[in-house]
Amino acid sequence: MNNNRTNTLLLTVIGVATLLVAVIGASFAYFTAQLYGEEQGDTVTIGAGVLKIAYADGSGAIGGVLAAEGIVPVTTGEPVIKKEFTITGNNSTTAIMPYSIALDVTKNEFTDGALKYTFESVNTSSNGQVAPAVLTATDLVSSEEGYQINLGNAQFDGNVTDAVHTYTLNIFFPETGVNQNEDKDKEFIAKIDIGVQEIINP
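First, a word on scope: everything that follows refers to the structure included in this document. (Residues numbered from 1 in each chain as written. Predicted model: local features only at pLDDT ≥ 70, side-chain atom pairs only at ≥ 80, totals over all residues. Heavy atoms only, no water.)

Summed over all chains, the structure comprises 4 salt bridges. Across the salt bridge formed by Asp 57 and Lys 83, the nearest N and O atoms sit 2.8 Å from each other. Residue Asp 57 is found in the loop between β3 (49-55) and β4 (61-66), and its partner Lys 83 is found in strand β5 (residues 81-91); the two are separated by 26 residues along the sequence. When its relative accessible area of 1% is taken as the criterion, Lys 83 is described as buried. Note that Asp 139 is salt-bridged to Lys 116, the shortest N-O span being 2.4 Å. Here Lys 116 lies in strand β7 (residues 116-122) and Asp 139 lies in strand β8 (residues 134-139), a separation of 23 residues in the sequence. For Asp 139, a relative accessible area of 42% puts it in the partly exposed group. Judged by relative accessible area, Lys 116 falls into the partly exposed class, the value being 21%. Because the salt bridges share partners, they merge into one network encompassing Lys 107, Glu 109 and Glu 187. (Salt bridge = Lys/Arg side-chain N within 4 Å of Asp/Glu carboxyl O. Helix = DSSP H or I, 4+ residues; strand = E, 2+ residues; numbered from the N terminus. Buried < 20%, exposed > 50% of the residue type's maximum accessible area, 1.4 Å probe, protein only.)

So, in structure tokens, the structure goes:
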């Protein structure tokens, strides 16, 4: 009889522990949901709000092989890669919907500073706050392991319908006036990473 009680108690403890892990895991996953720039995952739901991400070229991916015959140092100040995307917010409540934007560099075989970036942001619908612009060309560091650059935090203020924030990431390969042969046939791979946080009630 004591053995049955012990087994019942043990099963009860295991059941409660499993339930707690499931609930905590679900909460953590909800509050750290990530959208990794692929067009099939273009909507993120946050409570009563929805963020929609649209890339002008249909994908969050950036780069690939930047070969010498295709991409050469540019003297005109024009970017070799231009990544445009919009984030649209819809929210039927008065809650604030915060999100973050990062450049997730998987690989950069170019020498340090050979590639540079700027980041433009426009509060198209004049709602909430956009991530801050980076207007001064900033060096991209060479890396085989990859790294992430935080481009900033932004938010939509509810109650709102189809509010739009517009962003442009420019990547430059400027002509330096010296031999740049060491950057021939190099590869740069990256993606835009949109992260969402817990909705904030005012």
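From this point on, the discussion continues.
Time to look at the nonpolar core. In terms of nonpolar packing, the biggest core is built from 36 residues, with Ile 87, Tyr 99, Ile 101, Leu 103 and Phe 188 touching the most fellow members. Of all the secondary structure elements, the ones that give two or more residues to this core are β3, β5, β6 (96-108), β7, β9 (147-157), β10 (160-172) and β11 (186-196). (Core = buried A, V, L, I, M, F, W, Y, C linked by side-chain atoms within 4.5 Å.)

Take the side chain of Gln 155 next. Mapped onto the fold, Gln 155 is located in strand β9. In this view, Gln 155 contacts Ile 96, Met 97, Pro 98, Tyr 99, Asn 127, Gly 128, Gln 129 and His 165; residues no more than four positions away in its chain are not counted. (Contact = heavy atoms within 4.5 Å.)

Under the counting rule described, the total for this entry stands at 5 aromatic pairs. For the ring pair Tyr 55 and Phe 85, a centre distance of 5.8 Å and an interplane angle of 45 degrees mean the geometry is tilted. With Tyr 55 in strand β3 and Phe 85 in strand β5, this pair connects stretches of sequence that are 30 residues apart. Take Tyr 55: its relative accessible area is 7%, and that puts it in the buried class. Cluster of aromatic residues (ring-pair linked, three or more members): Tyr 55, Phe 85, Phe 119 and Tyr 167. (Phe/Tyr/Trp six-rings, centres within 6.5 Å; stacked < 30°, edge-to-face > 60°.)

A separate point is the pairing of β5. Regular strands place side chains that alternate from one sheet face to the opposite one. Burial runs high along β5: 8 of the 11 residues are buried. Here β3 pairs with β5 via 7 bridges, running antiparallel. Paired with Val 50 across the two strands is Asn 90, which belongs to β5. Pairing analysis gives 10 bridges linking β5 to β10, with the strands arranged antiparallel. Each bridged residue has a counterpart across the sheet, and for Lys 82 the counterpart in β10 is Asn 170. (Pairing = 2+ DSSP bridges.)

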